[in-house]
Amino acid sequence: MSETFPIRTVHTVTDLRAVVSGWKADGETVGFVPTMGALHAGHISLVDIAKSRATKTVASVFVNPKQFAPGEDFGAYPRTLPDDARKLAEAGCNLLYAPNGPEMYPDGFASSVHVGGPSEGLETDFRPHFFDGVATVVTKLFAQVRPDIAVFGEKDYQQLLVVKRLAADLDLGVEIVPGPVMREADGLAMSSRNVYLSAADRQRAVRLNALLFACAEALETGERIADTLKTARIVAESAFDLVDYVEVRCADTLAALPGPVLDRPARVLAAVKLGTTRLIDNVAANPV
Ligand code: PAF
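Residues numbered from 1 in each chain as written. Predicted model: local features only at pLDDT ≥ 70, side-chain atom pairs only at ≥ 80, totals over all residues. Heavy atoms only, no water.

S.K.: Could you clarify how one ought to interpret the site of the ligand in this entry?
M.R.: Residues in contact with the ligand, as listed here, are Pro34, Thr35, Met36, Asn64, Gln67, Val134, Val137, Phe152 and Gln159. The side chain of Gln67 places a nitrogen or oxygen atom 2.6 Å from an oxygen atom of the ligand. Contact between the ligand and Gln159: an oxygen atom at 2.7 Å from a side-chain N or O atom of the residue. Secondary-structure elements contributing two or more residues to the shell around the ligand are strand E2 (30–35) and helix H6 (130–145). Residues that form the shell around the ligand fall into these classes: five nonpolar, four polar and no charged. (Near = heavy atom within 4 Å. Polar contact = N/O pair within 3.5 Å; in protein donor to acceptor, adjacent residues only side chain to side chain. Helix = DSSP H or I, 4+ residues; strand = E, 2+ residues; numbered from the N terminus. Nonpolar A, V, L, I, M, F, W, Y, C, P; charged D, E, K, R; others polar.)

This is the structure we're talking about:
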């Protein structure tokens, strides 16, 4: 237990289990929000959802090395634990779990969790290591916290579906609850990585959500999917430094849509780069 944080904080699995077991013995239910820290209003909205669905709430802060490839921003990723602790305390979260690297991955750690299905394509085409890293750490966090529900943001829509698949396939006994994308006043999806954007790139970044909402509107008014995506690609390539993907997929599986036009709930998803900063975002598109 740490004296230095304005919220009850544990750093080891043993201390975490002591707190959570005590709660469970008292009949409490546990809501969990896993994070990598650098918390913003989007994370706090997930804590609010957890609080509305369980009697006790745990948030974790752990920058998971297994979901970064060599050359990605693991070293530079913002680490703001005292500030995160203050925000969680203000949000009424009951416990902060902040393990260090060896606590999570002791010497000799040799396991990896792979989820198929929704992990295929999109992010995996550009970050092939990513979902194995996420699935491995999320499986461990669920085993450590043993929550009744866990909240994941729709901002990382593919991650949300991968974690749902993981929890269902491995009978993890945790309900995965989605939280809507939180946006800045100009529409940019909140992300811990937005701090990397230069002032000029921050101005350009707003074009990503504008493009996605324009795609959703076009699809909802019956435009052919292929035409929408063709235009979107041209717009994205002129607006951003690199376009990894702009795609329309089934909302519940991320499979390609069968028809020429929108005939079921879908998601328009994109990943682009502004300078060295990679942004992802997605919006819903529903047949009218
Ligand atoms: O979305 C995130 O912040 C991370 O991928 C998660 C789920 C905390 C796993 O490290």
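The discussion continues.
S.K.: Which parts of the structure should I look at to understand H6?
M.R.: Because an α-helix completes one turn every 3.6 residues, residues spaced three or four positions apart along the sequence face the same direction. For H6, which comprises 16 residues, the first-to-last C-alpha distance of 22 Å matches the rise-based estimate of 22 Å (1.5 Å per residue) to within 8%. Most of H6 is tucked away, with 13 of its 16 residues classed as buried. Residue Arg146 follows H6 closely and has a positive phi angle near 50 degrees. (Expected span 1.5 Å × (residues − 1). Buried < 20%, exposed > 50% of the residue type's maximum accessible area, 1.4 Å probe, protein only.)

S.K.: Explanation requested: the pairing of strand E3 (residues 56–61) in the structure shown.
M.R.: Every other side chain in a regular strand lies on the same face of the sheet, so the side chains alternate between the two faces. Among the six residues of E3, six are classified as buried, and the element is accordingly described as predominantly covered. Neither face of E3 is exposed, since Lys56, Val58 and Ser60 on one face and Thr57, Ala59 and Val61 on the opposite face are all buried. Regarding the hand of the β-α-β motif, the stretch spanning E2, helix H2 (residues 41–53) and E3 is right-handed. Pairing between E3 and strand E4 (residues 95–97): three bridges, direction parallel. (Right-handed = clockwise from strand over helix to strand, strands pointing away. Pairing = 2+ DSSP bridges.)

Worth remembering: the numbers are spatial, not functional.
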